[in-house]
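Residue-level structural notes
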Amino acid sequence: MDELSKFIKENAELINNNDFNAVYLGSFFYSDLLRGKFTDVLYDAGIDPLKYLDITVPPYFAYNCKCLPKELTVLSKVSEIGDNAFRGSNLQHINLSEGLKTISFNAFYECEQLTEITVPKSVTEIGYAAFFGTSWYDKQPDGLLYINNILHVYKGIMPNNMSITVKDGTVSISDGAFQYRGIKEITIPHSMKEIGKTAFRGCVSLEAVHYDGTIIEWNRTLGSTEFDKMTRIICNDGEVYQS
């Protein structure tokens, strides 16, 4: 019997009295916010629940936890870190392994003590505000914040009517990267594979998007992104019609 199963068996009263049974019985509809509380209990007992996870670190896994060790490792079998997974916790350093693909919305939001993080190159998607409120994020310079080949966000105050050229080799733009900003035009390289649906939400001053590719390529890979109806999307072979 592994240490987690043994702990659950030996602490049935604690688990039942706190509705923790819902966490491991799959009744996640009402137990999301209990996950963090239970994770705290496990770490306080010297058990690392991360090593028992497959594929996904679930939403709210360590929400507001204050008993996390100084350093954690997410194993290579995990491909996604869920929404709010470590939000508000006392996490200081985390090792993210190659094989991770997605860091979701608010994953590390307000982890104020998180000073160091290395995102592996296997990551292709980083959700909005994933690192907001961390010491690591606060130390980054204002302006375009790239994490590997992902344009994650424009940090700080953006001047009105700004023109931006996304650097070659960038493969994605995160959700919310420019939302409600005063951007006037942007040039997007042919290397772009994905733009978050809300990346340009509320950008009413955005006059033109220049894409270094064809209309067919835009519609096939980037066409689901929200733009103001007055924004022109200009490709190498013409202009995209917005319905």
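Above this text sits the structure in question.
A closer look at the sheet that holds strand β6 (residues 116-118)
- Read from one edge of the open sheet, 3 strands run β2-β4-β6, paired in parallel fashion. At either margin of the open sheet sits one strand with a lone partner, and together these are β2 (71-74) and β6. Between one strand axis and the next, the sheet turns by 10° as a mean value, whatever way the strands run.
- As paired strands, β2 and strand β4 (residues 93-96) are joined by 4 bridges and run parallel to one another.

Quick look at the pattern of salt bridges
- Applying the stated criterion across every chain, the model contains 5 salt bridges.
- The shortest N-O distance in the salt bridge between K155 and D142 comes to 3.3 Å. With K155 in strand β9 (residues 150-155) and D142 in the loop between α5 (135-139) and β8 (143-147), this residue pair connects regions lying 13 residues apart in the sequence.
- A salt bridge links R201 to E226; the nearest nitrogen and oxygen atoms lie 3.1 Å apart. Of the two residues, R201 sits in the loop between β13 (194-195) and β14 (208-211) while E226 sits in the loop between α6 (215-221) and β15 (232-235), which places them 25 residues apart along the sequence.

Focus: the side chain of N84
- For N84, the position within the fold is in the loop between β3 (78-81) and β4.
- A polar side-chain atom of N84 sits 3.3 Å from a polar atom in the side chain of N106.
- N84 has contacts with Y60, Y63, F105, N106 and A107, leaving out every residue within four places of it along the chain.

Some words on the nonpolar core
- Counting 37 residues, the largest nonpolar core has V57, F86, I94, I103, F108 and F131 as its most contacted members.
- Discounting residues that sit within four places of it in the chain, V57 has contacts with L50, V74, V78, E80, I81, G82, A85 and F86.
- Core analysis: the next-biggest nonpolar cluster, separate from the first, contains 25 residues, F178, I186, V209 and L222 among them.

A look at the sheet that holds β8
- An order of β8-β9-β11-β13 is seen for the 4 strands of this open sheet, with the pairing classed as mixed. A single partner strand is all that each edge strand has here, and the edge strands are β8 and β13.
- Here strand β11 (residues 172-173) pairs with β13 via 2 bridges, running parallel. Paired with I173 across the bridge in β13 is I195.

Description of unusual backbone geometry
- One non-glycine residue, N84, adopts positive backbone phi at about 60°.
- The class of N84 is buried, set by a relative accessible area of 4%.
- Despite not being glycine, Y180 has its phi angle at roughly 60°, a positive value.
- Tracing the chain through its elements places Y180 in the loop between β11 and β12 (183-188).
- With relative accessibility at 58%, the residue Y180 sits in the exposed group.

Digging into the environment of N64
- Checked against the element boundaries, N64 lands in the loop between β1 (55-57) and β2.
- Accessibility expressed as a relative area gives 40% for N64, which makes it partly exposed.
- As for N64 and F86, which are separated by 22 residues in sequence, their C-alpha atoms are 7.1 Å apart.
- In this structure, N64 is in contact with D40, R87, G88 and S89, ignoring residues within four places of it in sequence.

Cut-offs used in this document
Residues numbered from 1 in each chain as written. Predicted model: local features only at pLDDT ≥ 70, side-chain atom pairs only at ≥ 80, totals over all residues. Heavy atoms only, no water. Pairing = 2+ DSSP bridges. Helix = DSSP H or I, 4+ residues; strand = E, 2+ residues; numbered from the N terminus. Axes fitted to C-alpha atoms, helices over the stretch in contact; angles between N-to-C directions. Salt bridge = Lys/Arg side-chain N within 4 Å of Asp/Glu carboxyl O. Polar contact = N/O pair within 3.5 Å; in protein donor to acceptor, adjacent residues only side chain to side chain. Contact = heavy atoms within 4.5 Å. Core = buried A, V, L, I, M, F, W, Y, C linked by side-chain atoms within 4.5 Å. Buried < 20%, exposed > 50% of the residue type's maximum accessible area, 1.4 Å probe, protein only.

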